[in-house]
Amino acid sequence: TGTPRGVEVTHHNLAASTFARAPWYGEAPGRFLVTSSIGFDSSVVGVYWPLVDGGVVVMPDDDDVHDVDKIAALIDDRGITTTLMVPTLYRAILDRSAGSLSGVRTAIVAGEACPVALARDHARLLPGVALVNEYGPTEAAVWATAHRVERDDDPVPIGRPVPGVELVIVSADLQPAPDGVAGELWIGGAGVTPGYLDDSAATS
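Heads up: these notes are all about the structure in this document.

What follows covers the side chain of threonine 145. Mapped onto the secondary structure, threonine 145 falls in strand β7 (residues 145–148). A polar atom in the side chain of threonine 145 sits 2.7 Å from the backbone oxygen of isoleucine 158. With residues near it in sequence (within four places) discarded, threonine 145 still touches Asn133, Glu134, Tyr135, Ile158, Gly159, Arg160, Pro161, Val162 and Leu167.

Moving on, we get to helix α4 (residues 68–77). Buried within α4 are the following residues: Val68, Ile71, Ala72, Leu74 and Ile75. All buried residues of α4 fall inside an arc of 160° around its axis, so they share one side. Against the buried residues of α4 lie β2 (31–34), β3 (56–58) and α5 (87–97). A positive phi of about 65° marks glycine 79, the residue just after α4.

The next point concerns the nonpolar core. Core analysis: the biggest nonpolar cluster contains 26 residues, and Leu33, Ile75, Tyr90, Ile93, Leu94 and Leu101 have the highest contact counts within it. Elements that contribute at least two residues to this core include exactly α4, α5, β5 (106–109) and α6 (116–125). No other element matches the 5 residues that α4 contributes to this core. Once you skip the residues sitting within four places of it in the chain, isoleucine 93 turns out to touch Val68, Ile71, Ala72, Ile75, Met85, Ala98, Ser100 and Leu101. Of all hydrophobic cores here, the second largest spans 17 residues; its members include Val34, Trp49, Val132 and Val142.

So, how was this worked out
For every chain, the first residue of its written sequence is number 1, and the numbers climb from 1 along that sequence. Confidence filtering applies because this is a predicted model: local features only for residues at pLDDT of at least 70, side-chain atom pairs given and counted only at 80 or more, and all residues used for totals across whole chains, interfaces and linings. Here the side-chain values reflect all heavy atoms present in the structure, with hydrogen atoms and water set aside. Starting at the N terminus, helices and strands are each numbered in turn, a helix being any DSSP run of H or I of at least four residues and a strand any DSSP run of E of at least two. Under this definition, polar contacts are N or O atom pairs within 3.5 Å; protein pairs additionally need one hydrogen-donor-capable and one acceptor-capable atom, and for neighbouring residues in sequence, both atoms have to be side-chain atoms. Pairs of residues are marked as contacts when any of their non-hydrogen atoms sit within 4.5 Å. Throughout, exposure labels follow a simple rule: accessible area from a 1.4 Å probe, protein chains only, divided by the maximum for the residue type, with under 20% read as buried, over 50% as exposed, and the rest as partly exposed. Throughout, the arc means the angular range of directions from the helix axis out to the C-beta atoms. We define the nonpolar core as a collection of buried residues of types Ala, Val, Leu, Ile, Met, Phe, Trp, Tyr and Cys that are connected through side-chain atoms lying within 4.5 Å of one another.

Function-wise, these values are silent; they only describe arrangement.
Given below as structure tokens:
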């Protein structure tokens, strides 16, 4: 999308984002497999959520994270109960090693739109595993909405606000858009970050 820019995420933002997970999910994550680089925003989910709720953080080796079969084996061998990955990676694991996911309680997809076909295949192959579609930019401390995916979702929605988040869709004149009218999604709440590092123009 262009030149990367730093987002200033405060302790307060990260705490609000992390503590919103317990009431939304209703259970601790248990053994969480982190599939993204520690330098990528979504890694904070897999690091802080388990640690806050007494879980275990499992991080693959640098070489393993690029190998679908090794990730699938790690999920199986280490008894992973929760993980978050982009839908593309989840699709690859589901296609090649769905059996390795049978012990998972919750599979979270984020970072890309969740395809309808993925939702249907997940429901067919792993009916006992929850699939959650999360949405949220780095500027909102990783997540702002979430949806428990159903087999018949078409399209798969990004869901409703998670605890502590407010959403409004605004029209071109920056007024709340009427129901059914397309507009821009604005996010409010304790997870919204102060802005961009050394970039006052983008922040304003």
